[in-house]
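# Breakdown of the fold
Here's the letter readout for the chains.
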Amino acid sequence: RRWLRQHESVEKLNMHAILSASAGREQLLTELLVSYAKIPVLIGELISVEIWKHKIFPVLCRLEDFKPTSTFPIYVVLHHEASIINLLETVFFYKEICESAGDSILDLIDYCHRKLTLLAARKTEPEIQSVLTSPQELQKQAEMMEFEISLKALSVLRFITDQVGSLPLSALTRMLNTHNLPCLLVQLVEHCPWSCRKAGKLKKFENGAWHVVPPEDQMKMTKLDGQVWLALYNLLLSPECQRKYHFDGFSKSQLLKLRVFLTDVLLDQLPNLVEMQRFLSHLAVTEPAPPKKDLILEQVPVIWDHVLKKNAGKWEAIAKHQVKRMFSPTEEELKLQARRWAQTYSLDMMEALIPDKPRCRVCGSEAAKRCSRCRNEWYCTR
């Protein structure tokens, strides 16, 4: 039950982050997450739930004697990963959050790489399953949730690439050479898994749902398109990355595929990509110098391997233990948990999480303008 209370805390943090960001008052939350060193904790929790989905959840679905009266407790665990990645997406915009991740940034980079690989391999729009009556249907819901989590991971990765100048060398090496993220991002540009055509109509995934795009908006860039292009821009054009990235024959051929997508319509919407267009034109006619091969001691991510080694050979035993202790609640326990969730999402709780409206430092009235230097003080006028 302690884990459920922790999940409630993550949910409240997530809601507070979204409400604070919409009000432009997210500074306090980011400072608290940094001060209490909670970013590495959240990353560790994120990867632990991911491993649970890969190792425990399939075992639960195969157990013949497991016929739960309610699949809600399992759904809560599946939803936990979505809550954490959504929280990280909201706060990783800030440089201090990225820096406070410390060595666990390597684990987060690996996590994002796994999610983007799944995203690149995905081609069709998922079927929406609204009725959850069995673990098998819950598994279909988990697959749909995985798609949305992968899109959040794309945003988190893009925010990490914004800070390449302050990342440890091992993080750059991991992104550029271990995982070759530029080539993976090229695959996302080519296949665009958040866009599909059905019955002659173009549909795009935005804000948690698929929408039919009217003809006049079909050339308009979506937020997800922008995230991919900005991540590519950061990884290819920053001096730190150009010194580290190995532009071999394969990488060069993949990157040059981007030129066909850099149309005038796209450049009008994201003018920064003009620099990338020039870079690719130069890359097409030259052979970049190979990266310097310095002898370095490279850090490696530890969370994923630690959890796997610690529980190797125990997955089925853990699943059976969780069936008895967590996923077979009594009717009273279900009612109690339902009441707790109703309180978590109540309007009173929402209002309590909404930050106070900013006040002018000079006169104390409501302020709409934030100081561009310190980002802390507010003013009602210039």
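Thresholds, definitions, all that
- Along each chain, residues carry numbers from 1 onward, in the same order as the chain's sequence is written.
- A pLDDT threshold of at least 70 governs which residues receive local features in this predicted model, and a stricter bar of 80 or more applies before side-chain atom pairs are shown or counted, although totals over entire chains, interfaces and linings include all residues.
- Each side-chain value is worked out from all heavy atoms of the structure, with water and hydrogens disregarded.
- Counting from the N terminus, the helices are the DSSP runs of H or I reaching at least four residues and the strands are the DSSP runs of E reaching at least two.
- Per-residue accessibility, obtained with a 1.4 Å probe over protein chains only, is compared with the maximum for each type, and a residue is labelled buried under 20%, exposed over 50%, and partly exposed between these values.
- Pairs of residues are marked as contacts when any of their non-hydrogen atoms sit within 4.5 Å.
- The method behind every accessible area is Shrake-Rupley, applied with a 1.4 Å probe, and residues are considered shielded solely by the protein chains displayed.
- Cavities and pockets were defined on a 1 Å grid built over protein atoms only: a cavity is a set of grid points that admits a 1.4 Å probe from which the probe cannot escape, a pocket is an open set flanked by protein on both sides within 12 Å along at least five of seven lines, and lining residues are those with an atom within 4 Å of any such point.
- Grid points are joined across faces, edges and corners, and a volume is the space filled by probe spheres set on the points.
- Residue polarity follows a fixed list, in which Ala, Val, Leu, Ile, Met, Phe, Trp, Tyr, Cys and Pro are nonpolar, Asp, Glu, Lys and Arg are charged, and the others, Gly among them, are polar.
- Any two rings among Phe, Tyr and Trp, with Trp reduced to its six-membered ring, count as a pair given centres within 6.5 Å; such a pair is stacked if its planes are under 30 degrees apart, edge-to-face if over 60, and tilted if neither.
- Any two strands with at least two DSSP bridges between them are considered paired.
- Structural elements are reduced to axes, namely lines fitted to C-alpha atoms, with helices fitted over the stretch in contact, and the angle between N-to-C directions of any two is expressed from 0 to 180 degrees.
- When an angle is under 35 degrees it counts as roughly parallel; over 145 it counts as roughly antiparallel; between 65 and 115 it counts as roughly perpendicular; any other value is oblique.
- What makes a crossing left-handed is the near helix being turned counterclockwise from the far one by less than a right angle; a clockwise turn instead makes it right-handed.
- In what follows, salt bridge is the name for a side-chain nitrogen of Lys or Arg lying within 4 Å of a carboxyl oxygen of Asp or Glu.

Per an unreviewed UniProt entry, the protein goes by the name ZMY10 protein and belongs to Casuarius casuarius.

The helix and strand tally for the protein stands at 19 helices and five strands. Across the 382 residues of the protein, 47% fall into the buried class. For the protein, long-range pairs separated by at least 24 residues make up 76% of all intrachain contacts whose partners lie at least 6 apart in sequence. Carbon and sulfur atoms make up 54% of the accessible area of the protein, which totals about 20,800 Å².

Roughly 920 Å³ of volume is contained in the largest pocket. If you go around the largest pocket, you meet 23 residues; those closest to its centre are Trp3, Trp52, Ile318, Gln322 and Met326. Put simply, the parts of the chain that give the lining of the largest pocket at least two residues each are α1 (2-23), α3 (39-55), α16 (303-310) and α17 (315-325). A per-class count over the lining of the largest pocket returns twelve nonpolar, six polar and five charged. By volume, the second largest pocket amounts to about 790 Å³. Of all the elements in the fold, those that place two or more residues in the lining of the second largest pocket are α1, α5 (72-91), α8 (135-161), β2 (201-206) and α11 (223-237). Per-element accounting of the lining of the second largest pocket gives the leading share, ten residues, to α8. Tallied by class, the residues present in the lining of the second largest pocket amount to eleven nonpolar, eleven polar and seven charged.

Attention shifts here to the environment of Leu224. Here Leu224 shows up in helix α11. Taking the C-alpha atoms as reference points, Leu224 and Phe205, separated by 19 residues in sequence, lie 8.9 Å from one another. Excluding anything up to four places from it in sequence, Leu224 contacts Leu151, Leu154, Trp194 and Phe205.

Here the focus is unusual backbone geometry. Positive phi, normally seen in glycine, also occurs at Ala37, with a value near 50 degrees. Examined against the element boundaries, Ala37 turns out to sit in the loop between α2 (27-35) and α3. Given a relative accessible area of 43%, Ala37 falls into the partly exposed group. A positive phi angle, close to 55 degrees, is found at Ala199, a residue other than glycine. Here Ala199 is to be found in the loop between β1 (195-198) and β2. Residue Ala199 is classed as exposed on the basis of its relative accessible area of 82%.

So, on to the packing of aromatic side chains. Tallied over the full model, the rule gives nine aromatic pairs. With a centroid separation of 5.8 Å and 25 degrees between ring planes, the pair formed by Trp52 and Phe57 is classed as stacked. With respect to class, Trp52 is no different from Phe57; both count as buried. Between Phe93 and Phe159 the ring centres are 5.9 Å apart and the planes differ by 90 degrees, which places this aromatic pair in the edge-to-face class.

On to the sheet that holds β1, then. Pairing in this open sheet of three strands is antiparallel, and the strands run β1-β2-β3 from one edge to the other. Looking at which strands have only one partner, the edges of the open sheet turn out to be β1 and β3 (209-212). Strand-to-strand, the axes of this sheet are offset by a mean angle of 35 degrees, without reference to chain direction. Here β1 runs beside β2; their pairing, made up of four bridges, is antiparallel. Residue pairing in the sheet places Lys198 in a bridge with Lys201 of β2.

Moving on, we come to the packing of helix α10 (residues 181-191) against α11. It is at 10 Å that the axes of α10 and α11 come closest, and there the two elements cross at 155 degrees. Judged on the interaxial angle alone, α11 and α10 are roughly antiparallel. Like other packed secondary-structure pairs, α10 and α11 cross with a definite hand, here left-handed. Across the interface between the two elements, Leu181, Pro182, Leu185, Val186, Leu188 and Val189 of α10 pack against Val228, Trp229, Ala231, Leu232, Leu235 and Leu236 of α11. Within the contact of α10 with α11, the residues separate by chemical class into twelve nonpolar, no polar and no charged.

Moving on: the pattern of salt bridges. Inspection of the entire model under this criterion finds 14 salt bridges. Residues Glu99 and Lys95 are paired through a salt bridge, measuring 3.9 Å at the closest nitrogen-oxygen approach. Linking Glu99 with Lys95, this pair stays in helix α6 (residues 95-100), spanning four residues, or about one helical turn. A relative accessible area of 44% places Glu99 in the partly exposed class. Residue Lys95 is classed as partly exposed on the basis of its relative accessible area of 42%. Between Glu146 and Lys115 there is a salt bridge whose closest N-O contact spans 2.3 Å. One end of the pair, Glu146, is in helix α8; the other, Lys115, is in helix α7 (residues 105-121), and 31 residues separate them in sequence. An identical accessibility class is assigned to Glu146 and Lys115; each is buried. Linked by salt bridges that have partners in common, Lys53, Glu81, Lys115 and Glu146 make up one network.

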